[in-house]
Amino acid sequence: MCLRGDYEAIKIIKSKRDLLEKQGIRLINDYVNSEISVIISPLKDTPEYSVYYKDIKDLKNVIYEEDPEKALFKAIAYPKSKFNHVIVGIDPGMLCGYVILGDGIAIGEGKISCNLIGNTIKKELEKIPYVNKEVILGSGEGWIIAGNSLLKNGLSYKIVREDEVAKFIPKTPILKIFKDKDVRSAMAIALRGSRNWMDH
């Protein structure tokens, strides 16, 4: 549940809602007659805070965080304070499709120029609380450009051969939630990468 009504929080919730709800994570903006796992608190000095403060001040499952994206990631990781393991899968090509998994939950996706993929992933990871991370890069066209971009932004990576990914794409329902084929490939690379990779 997100009790924040500020524009940035609403924008973040809207951008992530479809991806998360396809995985069974419901995002609601008010109290309903159902069990609530975690609550994102309104910002102080807002109308929402004055309305809800008395109801949530003694609860333990409340996330207080000014940055709305960080707040959402903390809520997804709850009751842990951080994701144990974050995996980034990248499918290089004319553009780089990417997927970010936090403990097996897809929490980010997109497509960007391979020249910019390193900076994009770095900024995404700065918002995500985690203990360990892996960046898995496919070996397709554009992997050198993508790899250089990752290294330039301080991100080491592992390479997985895309012919093996294509041959042994994991038969998992989570692949079906992505409409874009490059993002689906990035997901397959992330899932396959932990089992068959070369360090860089």
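Look above for the structure.
Residues numbered from 1 in each chain as written. Predicted model: local features only at pLDDT ≥ 70, side-chain atom pairs only at ≥ 80, totals over all residues. Heavy atoms only, no water.

Caption draft 1: Representation of the pairing of strand 3 (residues 83-91) within the structure. Of all 9 residues in strand 3, 7 are buried; the element is thus mostly enclosed. One ladder, built from 7 bridges, connects strand 3 with strand 6 (residues 130-138); its direction is parallel. Counted as the bridge partner of isoleucine 90 is leucine 137 from strand 6. (Buried < 20%, exposed > 50% of the residue type's maximum accessible area, 1.4 Å probe, protein only. Helix = DSSP H or I, 4+ residues; strand = E, 2+ residues; numbered from the N terminus. Pairing = 2+ DSSP bridges.)

Caption draft 2: Region of the structure containing the packing of aromatic side chains. Following the criterion strictly, the structure yields 1 aromatic pair and no others. Here the aromatic rings of tyrosine 49 and tyrosine 53 are separated by 5.3 Å at their centres, their planes lie at 35°, and the arrangement is tilted. You can see tyrosine 49 and its partner tyrosine 53 sitting in helix 2 (residues 47-56), 4 residues apart, about one turn around the helix. What makes tyrosine 49 buried here is its relative accessible area of 16%. (Phe/Tyr/Trp six-rings, centres within 6.5 Å; stacked < 30°, edge-to-face > 60°.)

Caption draft 3: Geometry of the pairing of strand 6. Both strand 6 and strand 7 (residues 158-160) contribute to a ladder of 3 bridges, which runs parallel. By the bridge assignment, leucine 137 is partnered in strand 7 with isoleucine 159. Each parallel crossover has a hand, and for strand 6 linked through helix 5 (residues 143-152) to strand 7 it is right-handed. (Right-handed = clockwise from strand over helix to strand, strands pointing away.)

Caption draft 4: Broad picture of empty space enclosed by the protein. Counting across every chain of the model gives 1 cavity of 30 Å³ or more. Estimates place the volume of the largest cavity at around 30 Å³. Lining the largest cavity, in full, are Cys2, Arg4, Ala9, Ile13, Ile40, Pro68 and Ala71. Its residues assigned to classes, the lining of the largest cavity shows 6 nonpolar, no polar and 1 charged. (1 Å grid on protein atoms, 1.4 Å probe; cavity = no way out; pocket = protein on both sides within 12 Å on 5 of 7 lines; lining within 4 Å. Points joined across faces, edges and corners; volume = space filled by probe spheres on them. Nonpolar A, V, L, I, M, F, W, Y, C, P; charged D, E, K, R; others polar.)

Caption draft 5: Spatial organisation of unusual backbone geometry. Note the cis peptide between tyrosine 78 and proline 79, where omega equals 15°. Tracing the chain through its elements places proline 79 in the loop between helix 3 (68-77) and strand 3. A positive phi angle, close to 65°, is found at aspartate 45, a residue other than glycine. Along the chain, aspartate 45 turns up in the loop between strand 1 (39-40) and helix 2. Note on aspartate 45: relative accessible area 80%, which makes it exposed. Of note, the phi angle at aspartate 103 is positive, near 50°, even though the residue is not glycine. Structurally, aspartate 103 is set in the loop between strand 4 (96-102) and strand 5 (105-112).

Caption draft 6: Here's a closer look at the state of the cysteines. Taken as a whole, this structure holds 1 disulfide when the rule is applied. One disulfide in the model links cysteine 96 with cysteine 114; its S-S distance is 2.2 Å. On the S-S bond that ties cysteine 96 to cysteine 114, the torsion sits near 105°, and the link is right-handed. Remark: cysteine 114 occurs in the loop between strand 5 and helix 4 (117-127) and cysteine 96 occurs in strand 4; sequence separation between them is 18 residues. The exposure classification of cysteine 96 matches that of cysteine 114, with both residues buried. (Disulfide = S-S within 2.5 Å.)

From the geometry alone we can't say anything about function, so treat these as descriptive.
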